[in-house]
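Chain and residue survey
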Amino acid sequence: MPNSKEIKGNWEQLKGKMKQKFAELTDDDLLYEEGKEQEMWGKLKEKLGKTEKEIKSFI
C-alpha cells in the first residue's frame, strides 16, 4: 500500500485511474490539498462505500 508521499507524488496518474475505476467520482472528490488528506479520504469512503484501506489497496 502506498504511503502519503507516494500518493502525493503520483496524484495526477492515480486520480485518472480512480476516475476510470469509479465513474461516479468527480474532480472535486479527488481534490488533493496539503493538510486536508483525511477530508479527501472521508469523502471517498462515503461516496464509494469502502474503507480507506480498500481504496488505498486499489491505488
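Worth saying up front: this structure is predicted, and the values here are computed from it rather than measured.

Tallying secondary structure elements over the protein chain gives 4 helices and 0 strands in all. From first element to last, N terminus to C terminus, the protein chain shows the α and β order α-α-α-α. Compactness check: the protein chain gives a C-alpha radius of gyration of 10 Å against a globular reference of 10 Å for 59 residues, within 12% of the reference. Taken over the C-alpha atoms alone, the protein chain extends approximately 25 × 20 × 20 Å along its principal axes. The contacts in the protein chain between residues at least 6 apart in sequence include a share of 42% that link residues at least 24 apart.

The next subject is the UniProt feature "domain: CsbD-like" (unreviewed entry) in the protein chain. Feature annotation in UniProt places "domain: CsbD-like" (unreviewed entry) on residues 6–56, given in this structure's numbering. Secondary structure across residues 6–56 divides into 63% helix and 0% strand, with the first and last C-alpha atoms of the span separated by 11 Å.

Right, let's talk about the nonpolar core for a bit. The biggest cluster of nonpolar side chains holds 13 residues, and the ones touching the most others in it are Trp11, Met18, Leu25 and Leu44. Mapped by element, the contributors of at least two residues to this core are α2 (11–21) and α3 (37–48). Tallying contributions element by element places α3 first for this core, with 4 residues. Discounting residues that sit within four places of it in the chain, Leu44 has contacts with Met18, Leu25, Asp29, Leu30, Gly49 and Ile55.

Quick notes on the rules
Residues numbered from 1 in each chain as written. Predicted model: local features only at pLDDT ≥ 70, side-chain atom pairs only at ≥ 80, totals over all residues. Heavy atoms only, no water. Helix = DSSP H or I, 4+ residues; strand = E, 2+ residues; numbered from the N terminus. Rg over C-alpha atoms; globule rule 2.2 N^0.38 Å. Contact = heavy atoms within 4.5 Å. UniProt positions renumbered as here; feature names shortened; annotations may be inferred. Core = buried A, V, L, I, M, F, W, Y, C linked by side-chain atoms within 4.5 Å. Buried < 20%, exposed > 50% of the residue type's maximum accessible area, 1.4 Å probe, protein only.

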